[in-house]
Amino acid sequence: MNKLFSIILSFLVLLQSFGLHFDDLVQIDEFVEHAQFHSEQYGDNVIVFISKHYGKLKADHQKEHQEEEQEHEELPFQHQSHTSCLTDFAINTYISEFKAPEFAEFSVATFYYQASTSSLHSKGLFQPPRLS
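Here the structure is a predicted model, which is why all the values come from computation and not from measurement. The numbering scheme is per chain: residues are counted from 1 as the chain's sequence reads. For this predicted model, a pLDDT threshold of at least 70 governs which residues receive local features, and a threshold of 80 or more governs which side-chain atom pairs are given and counted, while totals over whole chains, interfaces and linings are taken from all residues. Water and hydrogen atoms play no part in the side-chain values, which are based on all heavy atoms of the structure.

Student: Is there a simple way to explain the overall build of the protein chain in this structure?
Tutor: Strands here are runs of E lasting at least two residues and helices are runs of H or I lasting at least four, both read from the DSSP assignment and numbered beginning at the N terminus. When you go through the protein chain residue by residue, the secondary structure sums to seven helices and zero strands. Counting all 132 residues of the protein chain, 14% fall into the buried class. We call two residues in contact when some of their heavy atoms are within 4.5 Å. A separation threshold of at least 6 residues defines the contact pool for the protein chain, and within that pool the share at least 24 residues apart is 39%. Only carbon and sulfur atoms are counted for the fraction: they give 60% of the accessible area of the protein chain, which is about 12,300 Å². Only protein chains enter the area calculation, which uses a 1.4 Å probe; residues under 20% of their type maximum are buried, those over 50% are exposed, and those in between are partly exposed. For the area figures, the Shrake-Rupley method with a 1.4 Å probe applies, and any residue is considered shielded solely by the protein chains shown.

Rendered as structure tokens:
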């Protein structure tokens, strides 16, 4: 069941990425009926029909056949969709002033613990983790 749901959801995302909606699939019968009407009335083949309703001849066809405007609105793939993506880019202008660390003179090695004399330890930059 999970595989079937995943396949259906993936197919839905694929169709929507192409701009196809469920309404378009429902209106396929209107597409076929209007294509048959154009074939009988004007002698148009499928390629000319698609060009008149979705291609280069669309503007001329709409001007010449105002009476078919209601039928043209019921055809699939007539919707306009727009997707926008807003991206924000911010530059951090904070400048921190780190001073060069000061080191003590080199001393002879001893076999006992000697606390670091670096200024970085005294300013709190290198501190061990604390229990919370």
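Now, onward.
Student: I keep staring at a nonpolar patch on the surface and nothing clicks. Help me out?
Tutor: Residues with no salt bridge and a relative accessible area higher than 30% make up the patches, which join like charges within 9 Å and nonpolar side chains (Val, Leu, Ile, Met, Phe, Trp, Tyr) within 5 Å. A side-chain nitrogen of Lys or Arg and a carboxyl oxygen of Asp or Glu constitute a salt bridge if their distance falls within 4 Å. Taken together, the side chains of F5, L9, L12 and V13 define a hydrophobic patch exposed on the protein surface, amounting to about 390 Å² of accessible area. Position of L12 relative to the elements: it lies in helix α1 (residues 2–17). Note on L12: relative accessible area 42%, which makes it partly exposed.

Student: Sorry if this is basic, but what is going on with the pattern of salt bridges here?
Tutor: For side chains bearing opposite charge, pairing can occur when the charged atoms are close. Within this structure, the stated rule accounts for one salt bridge. Here D44 and K52 are joined by a salt bridge, their closest N and O atoms 2.7 Å apart. In this structure, D44 and K52 share a single accessibility class: buried.

Student: I would appreciate a short explanation of the packing of aromatic side chains in the present structure.
Tutor: How two aromatic rings sit relative to each other is given by the distance of their centres and the angle of their planes. A pair of Phe, Tyr and Trp rings is counted when the ring centres sit within 6.5 Å of each other, with Trp represented by its six-membered ring. The angle between the planes then sorts it: under 30 degrees is stacked, over 60 is edge-to-face, the rest tilted. Counted by the stated rule, this structure contains three aromatic pairs. Each ring, one from F31 and one from F49, has its centre 5.3 Å from the other, and the planes form 70°; the classification is edge-to-face. With F31 in helix α3 (residues 28–41) and F49 in helix α4 (residues 46–54), this pair connects stretches of sequence that are 18 residues apart. Arranged with centres 6.1 Å apart and planes meeting at 90°, the rings of F37 and Y42 form a pair that is edge-to-face. Using a relative accessible area of 31% as the deciding quantity, one classes F37 as partly exposed. Residue classification places Y42 among the partly exposed residues on the basis of a relative accessible area of 30%. Here a set of aromatic residues connected by ring pairs shows up, and it is made of F31, F49 and Y54. Lying across the ring of Y42, K52 places its NZ or CZ 5.2 Å from the centre. Over a ring means this: the NZ of a Lys or the CZ of an Arg is within 6 Å of the ring centre and within 35 degrees of the ring normal.

These results come straight from atomic positions and should not be treated as a statement about function.
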